Amino acid sequence: MWREIGDREAGKIRPNLFSNRVKWNRIKSLQLSNHKDIVSAHRGSINSLQVDLIEGRYLLAGSSDASAAVYDVQRATDYEGGGIIAKHKCLFMVDKNHEDGHKYAVSSAIWYPIDTGLFVTGSYDHHINVWDTNTTQVVVNFKMPGKVYRTAMSSLSTSHMLIAAGTEDVQVRLCDIASGAFAHTLSGHRDGVMTVEWSTSSEWVLVTGGCDGAIRFWDIRRAGCFLVLDQSQSQLGRRPPILERSALNKVSASKSMSSNQSSFPKARATQRKHSNGSSMKQSHTGKIPAKGPIRQRLHPGMLSSQDRATAHYGAVTGLKVTDDGMYLLSAGSDSRLRLWDVESGCNTLVNFETVRLQTSKPIQLATTQNSGLVFVPCMTAVKAFDMWSGKTSQTFRGHYEYVNCCWFNSLDQELYTGGNDRQILVWSPPRMTSDELDEISARDQDNWSD
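Computed from a predicted model, the values in this text were never measured in an experiment. (Residues numbered from 1 in each chain as written. Predicted model: local features only at pLDDT ≥ 70, side-chain atom pairs only at ≥ 80, totals over all residues. Heavy atoms only, no water.)

Peer 1: How would you explain the overall build of the protein if you had to name every residue and give the values?
Peer 2: A count of helical and extended segments in the protein gives four helices and 31 strands. For the protein, with 450 residues in total, the buried portion stands at 48%. Considering only residue pairs separated by 6 or more positions, the protein has 50% of its internal contacts joining residues 24 or more positions apart. For the protein, the exposed area adds up to about 23,900 Å²; of that, 50% sits on carbon and sulfur atoms. (Helix = DSSP H or I, 4+ residues; strand = E, 2+ residues; numbered from the N terminus. Buried < 20%, exposed > 50% of the residue type's maximum accessible area, 1.4 Å probe, protein only. Contact = heavy atoms within 4.5 Å. Areas by Shrake-Rupley, 256 points an atom, 1.4 Å probe, with all protein chains shown as cover.)

Laid out in C-alpha cells, this is it:
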C-alpha cells in the first residue's frame, strides 16, 4: 500500500490506476466486519437490499415479515466495545401494523434512483407501494394481478418514471408514478416473471427473466421483445475492446481497398476486350441484380423458433447487467450462471465453477464497480466469481441459513448480505490496529528533523 503511495507521489502511477489498485486491494481483503454491525429489526428473512444511488449512505431492506426498513450505514446510532464496534439501528420501519403497510412478505424494496425522498416496495399481497421517505406514507399504490417477485427502476431515466414489475402473471407491467396508472404491458413470457432489470446503457431497454427459462430484451417504445437469448447460440470469451476492434477494422478496410485496386487493371482489360467486339455487349439497365432470396424480417411478436428459445433449463432467478451495459449475467434454478454478450445475444461460455443456487425464489446478484467480480448467493454462503474466467475468488460464510440477496457499495467497497436467518451482515476491508498505525507513522518519519 505505502509503496504504491510512494509510486503515486513520484508520478510512476497514474491517478486512475492508483485509485483502481487501492479499491481492488480493499475488495480482495473483504471479511466479516469487526467494526460495523447492522442491528436487524426484521422478524423474517431478508429478501431485498439496496443502498441509495445518490449518497451511498442509506440501506433499504425488505423482509418476509411484511416490513421495510432504512439504515444509515455511515453514521452509527450507538457504539460498543469501547467505541470500537459501531451499531447501526434502523432509522424507521414500515410493517403490517402501518395503516398502508403490506399484509404479506415484501419481496422487493428499491430506492427512487435520483432522490432518497421516495422508495418502492413490492409484496406478495399483490401490491406495489410508493412511499414518501419523510412522512412514511404511501403516495401511489398499484394493484397487481399476482404476487410481486421483483421491481426495478432505470437509473438512467430522464424521460419516464416507470417501475417495471415481474409478477406471477405472464405479462410484465410498467407502472407510471407520474400518472398512478399502468403505462403498458409487455407480453411474451409463457410463465411468471421472476426477475427484471433495466439496461445500464439505455433508459428504454428492459431485460426480464421468467419461470419459462427465457430472457427477453424489450424496447418499451415498441411492441414485442426484440431479442430472446438462446443458450445454444454461443461465442468464445469476451469481445475485444473498442480500440482494438477499430484497429482491426482499419486493417481489414485497407486490405479490401488494396484488393479492389489490384482488380482495376483486370476490369480495364475486360473493357478493352468488349470494345474490340470479341465478346457480348453489356446492357446497362441501372438495376442491381439480386444475390439471392430476400430474407423477410420476422415481427417480434410473431411465434418462431427464436421466440421459443430458452436461456436456462428452469426458471431464471437472477439478472445483473454490467456497468457498461455490454454484458448480462444470469442465474437459473438449474444452478447455472451464464454470461451473455448483449450486442450479439450469445452465451460467452464462461465456465463458472460449480454452484448450488436456490430454486424457489429470486436471488439478488451484485457486481463490483468495474464488473471484475460478481457476488452470488449460494445457499448459506456468498461466492465472488471472476467475471471473465468463472473462477471463485472469495467465499463469504457467516449466515446460518440461505442467503437471498447481496448489494455491493462501491463508495466504501463494502458488501451487504441478507438471508433467511433475519440478519444483515456487513463485509468490509479490515481496519488497521493501533499498533500497525504506530508502525506506519514511525516508518514515515524522516531522519533529519529534530
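That shown, we press on.
Peer 1: Let's hear about a nonpolar patch on the surface: which residues, and what values?
Peer 2: Together, Leu53, Ile54 and Ile114 give the surface a local cluster of nonpolar side chains, amounting to about 290 Å² of exposed area. As for its placement among the helices and strands, isoleucine 114 is situated in the loop between strand S9 (106-111) and strand S10 (118-123). (Patch = residues over 30% accessible without salt bridge, like charges linked within 9 Å, V, L, I, M, F, W, Y side chains within 5 Å. Salt bridge = Lys/Arg side-chain N within 4 Å of Asp/Glu carboxyl O.)

Peer 1: Outline the sheet that holds strand S8 (residues 90-94), listing residues and values.
Peer 2: Pairing within the open sheet is antiparallel, and its four strands lie in the order S3-S4-S5-S8. Each edge of the open sheet is held by one strand with a lone partner, namely strand S3 (46-51) and S8. Across the sheet, the mean angle from the axis of one strand to that of its neighbour is 15°, orientation sign disregarded. The pairing of strand S5 (residues 68-72) with S8 spans four bridges and is antiparallel. Residue alanine 69 lies in a different strand from S8, and its bridge partner there is methionine 93. (Pairing = 2+ DSSP bridges. Axes fitted to C-alpha atoms, helices over the stretch in contact; angles between N-to-C directions.)

Peer 1: Go over the sheet that holds strand S7 (residues 85-88), please, and point to the residues and values.
Peer 2: Spatial strand order, S2-S7-S6: three strands in an open sheet with mixed pairing. Looking at the sheet topology across the chains shown, the edges are occupied by strand S2 (36-38) and strand S6 (78-80). Neighbour-to-neighbour, the strand axes of this sheet turn through a mean angle of 30°, independent of strand direction. Sheet topology places S2 next to S7; three bridges connect them, and they run parallel. In the sheet register, lysine 36 faces S7, and the bridge partner there is alanine 86.

Peer 1: I'd love a proper account of helix H2 (residues 15-28), names of residues and values included.
Peer 2: End to end, H2 covers 20 Å across 14 residues, agreeing with the expected 20 Å (1.5 Å per residue, within 8%). Phe18, Val22 and Ile27 are the residues of H2 that are buried. (Expected span 1.5 Å × (residues − 1).)

Peer 1: Lay out the pairing of strand S11 (residues 127-132) in plain terms, naming residues and giving numbers.
Peer 2: Sheet analysis places S10 next to S11, joined by five bridges and oriented antiparallel. Along S11, the bridge assignment pairs phenylalanine 119 with tryptophan 131. Counted along the chain from S10 to the antiparallel partner S11, the turn is three residues long, and its residue histidine 126 has a positive phi close to 75°. Relative to strand S12 (residues 137-143), S11 runs antiparallel, the two being bridged by six bridges. The residue of S12 that forms the bridge with asparagine 129 is asparagine 141.

Peer 1: Report on the confidence of the model for the protein, specifying residues and quantitative values.
Peer 2: Of the residues in the protein, 79% have a pLDDT of 70 or more, and the chain-wide mean is 83. In the model, residues 262-296 has pLDDT below 50 throughout and makes six contacts with residues more than four positions away in sequence or in other chains. (pLDDT = per-residue confidence, 0-100.)

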